[in-house]
There are 2 protein chains.
Amino acid sequence: MNETIDLLMQHRSIRQFKTEPLTENQIQTIVEAGQAASTSSYYQAYSIIGITDPTLKQQLREVSGQPYVEENGHLFVFCADVNRLAQSQDEETQKQMKTNLESTEFFMMATIDATLAAQNCAVATESLGLGMCYLGSLRNDVNRVNELLQLPDYVVPLFGMAVGVPEEDPERKPRFDWQTIYHENRYEATTSDDITTFDQKTEDYYSSRSENVRTDKWSEQIRRKLTNPMRQDVAPFIQSKQLNKH
Amino acid sequence: MNETIDLLMQHRSIRQFKTEPLTENQIQTIVEAGQAASTSSYYQAYSIIGITDPTLKQQLREVSGQPYVEENGHLFVFCADVNRLAQSQDEETQKQMKTNLESTEFFMMATIDATLAAQNCAVATESLGLGMCYLGSLRNDVNRVNELLQLPDYVVPLFGMAVGVPEEDPERKPRFDWQTIYHENRYEATTSDDITTFDQKTEDYYSSRSENVRTDKWSEQIRRKLTNPMRQDVAPFIQSKQLNKH
């Protein structure tokens, strides 16, 4: 198709990196590519924290339980941030903005802004020949991450991104057929046939991949993961940061 | 740098399109590029609805108030969707999954999944020489969008994306200096100097751009927009769809 679409289609998460750190120039390029993404109403309601302190990296690895949070070329943490919007105004105006800043609408908007930027960072990273992996696992203990990064009210960590020179070459993971995800004009529920087809596809993938071969399928994973309540401290944490309140 | 990073850096939202519709092949390519993005724990917790029905497009334009919601080459609506996760299981298992599915954590996760896919779609679109614009404006009346697209529980519309052959050539809009957005090891609040510098940058941009020249600056926009409560129906709507409940 073209070089960019080929790059997007070749994405695989990389979870083993060489220790070679990113250069300052690479970090700047990746962040600026992130910033070039669209942003809701020009708010730019996010912050990105790069982790270089080895102790801090180790502490974040403990939160996630994943070695590649520590062992990588660079670690980014993406935060939803409406604090900058507040800080741009005097105290009286800040009071008048409170209803918006603390709403679910603004929490969604900041989450969307941070994620648009993050995906541009991911694409830029891969275009530089580097690999990356998102780290939702930082939400295993959001209160701890909040404390470690010294986040004020109106700022919450959403996910991390480990980046670096790949030390593995995993296969691409299959996706649902595009017509399961994409519908025309109105919502169409996924059918049991769609699930069966995708279960077969994932079963083939897990049984034939070059590393960590196992017997598994998508719907089984979903059952295993979702039948145990997860991360129930996320909602009260976010409200404690004065976000998603009404 | 490279072709992909150049493309990312050249992004401008396009709000005037030729009427030329996208081909089925272009739509499939854009959706599949979206699907290739990372997805939290392999959930793929989103759906994309393409709008081709002229009446529906007109109705969605009424929600947004923006002519380019109707006049474009194609209109996508991105939805957070945990319904597919529920539908992949029997009734008994669905009951056991309820705590997760209805949590803020899962609502965030699905919002992030949809947005990662959307930004890949945006990049793919632009790589094909097309233009695009996100449409947060669909949240001006989420209940109406929900009704028009016949969304079940566990599915909410997040934003639209208008795509097509550009009929305008706007300038790139400036962004905060990368070091205002990016900090090392811990959060650093944006200073009043950062705001003043960016206000100057945006003032120069608004006064010198080729269309819609005006006197304005970033912090003034923020004040005007945020001092009036916006979209207060979004939070109760999302809870009525059984999401973001605890």
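My aim in this report is to walk through the structure given alongside it, one point at a time. (Residues numbered from 1 in each chain as written. Chains lettered and ligands numbered in written order. Predicted model: local features only at pLDDT ≥ 70, side-chain atom pairs only at ≥ 80, totals over all residues. Heavy atoms only, no water.)

## Observations regarding the pairing of strand S4 (residues 155-164) of chain A
Moving residue by residue along a regular strand, the side chains alternate between the two faces of the sheet. All names here are of chain A. Counting buried residues along S4, 10 of its 10 residues qualify, which places the element largely inside the surrounding structure. As paired strands, strand S2 (residues 74-81) and S4 are joined by 8 bridges and run antiparallel to one another. Bridge pairing links Phe-78 to Phe-159 in S4. Judged from the 5 bridges that link them, strand S3 (residues 131-135) and S4 form a sheet pairing that is antiparallel. Pairing of Leu-135 across the sheet is with Gly-160, part of S4. (Buried < 20%, exposed > 50% of the residue type's maximum accessible area, 1.4 Å probe, protein only. Helix = DSSP H or I, 4+ residues; strand = E, 2+ residues; numbered from the N terminus. Pairing = 2+ DSSP bridges.)

## Remarks on empty space enclosed by the protein
Unoccupied space between atoms shows up once a probe the size of one water molecule is rolled over them. By the definition in use, this model includes 2 cavities of 30 Å³ or more. The computed volume of the largest cavity comes to approximately 70 Å³. Around the largest cavity, the lining residues are Ser-38 and Asn-120 of chain A together with Leu-7, Leu-8, His-11, Gln-119, Ala-122, Val-123, Glu-126, Met-132 and Tyr-134 of chain B. Within the residue set of the lining of the largest cavity, elements represented by two or more residues are helix H1 (3-9), helix H6 (104-127) and strand S3 (131-135) of chain B. Sorting elements by how many residues they give to the lining of the largest cavity places H6 of chain B first, with 4 residues. The residue makeup of the lining of the largest cavity, split by class, is 6 nonpolar, 4 polar and 1 charged. Every residue lining the second largest cavity is listed: Leu-7, Leu-8, His-11, Gln-119, Ala-122, Val-123, Glu-126 and Met-132 of chain A together with Ala-37, Ser-38 and Asn-120 of chain B. Counted by class, the lining of the second largest cavity contains 6 nonpolar, 4 polar and 1 charged residues. (1 Å grid on protein atoms, 1.4 Å probe; cavity = no way out; pocket = protein on both sides within 12 Å on 5 of 7 lines; lining within 4 Å. Points joined across faces, edges and corners; volume = space filled by probe spheres on them. Nonpolar A, V, L, I, M, F, W, Y, C, P; charged D, E, K, R; others polar.)

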